[in-house]
Amino acid sequence: MNWYYFAYDFGSSSVGFGDLAYTLKTTPNPVPEPTTAMSLVTLGAWGVTSRLKRRVKAIDNLST
């Protein structure tokens, strides 16, 4: 989500009153931190491992 804000520029040649100019700018989308991405990967790997262990246990119970 982009956020819009007004930036104040003193002494430029933009449109404004006197030496004060107003410019509408946008903020870039935030980039997730590496720890957040690594946490999601770890949580996904844990879920897949847990699911596989349950599947192997169920197959072992059927074969005995």
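Residues numbered from 1 in each chain as written. Predicted model: local features only at pLDDT ≥ 70, side-chain atom pairs only at ≥ 80, totals over all residues. Heavy atoms only, no water.

An unreviewed UniProt entry lists the protein chain under the name PEP-CTERM sorting domain-containing protein, with Anabaena subtropica FACHB-260 given as the organism.

*Asks:* Break down the overall build of the protein chain for me, with residues and values.
*Replies:* Counting its secondary structure elements, the protein chain contains one helix and three strands. The helix and strand sequence of the protein chain, counted from the amino end, reads β-β-β-α. When each of the 64 residues of the protein chain is scored for burial, the buried share is 3%. Across the protein chain, every contact between residues at least 6 apart in sequence was considered, and the portion connecting residues at least 24 apart equals 14%. (Helix = DSSP H or I, 4+ residues; strand = E, 2+ residues; numbered from the N terminus. Buried < 20%, exposed > 50% of the residue type's maximum accessible area, 1.4 Å probe, protein only. Contact = heavy atoms within 4.5 Å.)

*Asks:* Describe the UniProt feature "domain: Ice-binding protein C-terminal" (unreviewed entry) in the protein chain, naming the residues involved and giving the relevant values.
*Replies:* UniProt records the feature "domain: Ice-binding protein C-terminal" (unreviewed entry) at residues 30-55, using the numbering of this structure. Secondary structure within residues 30-55 divides into 85% helix and 0% strand; the distance between the first and last C-alpha atoms comes to 39 Å. (UniProt positions renumbered as here; feature names shortened; annotations may be inferred.)

*Asks:* Let's hear about the confidence of the model for the protein chain: which residues, and what values?
*Replies:* Averaged over all residues, the pLDDT of the protein chain equals 76, while 61% of them reach at least 70. Confidence scores differ between elements of the protein chain, with strand β2 (residues 16-17) showing the lowest mean pLDDT of 50 and helix α1 (residues 34-63) the highest of 91. (pLDDT = per-residue confidence, 0-100.)

*Asks:* How would you explain α1 if you had to name every residue and give the values?
*Replies:* An α-helical turn contains 3.6 residues, so any two residues separated by three or four positions project in the same direction. Its 30 residues place the ends of α1 44 Å apart at the C-alpha level, agreeing with the 44 Å of an ideal helix rising 1.5 Å per residue. With respect to burial, α1 is a largely exposed element, only zero of its 30 residues being buried. (Expected span 1.5 Å × (residues − 1).)

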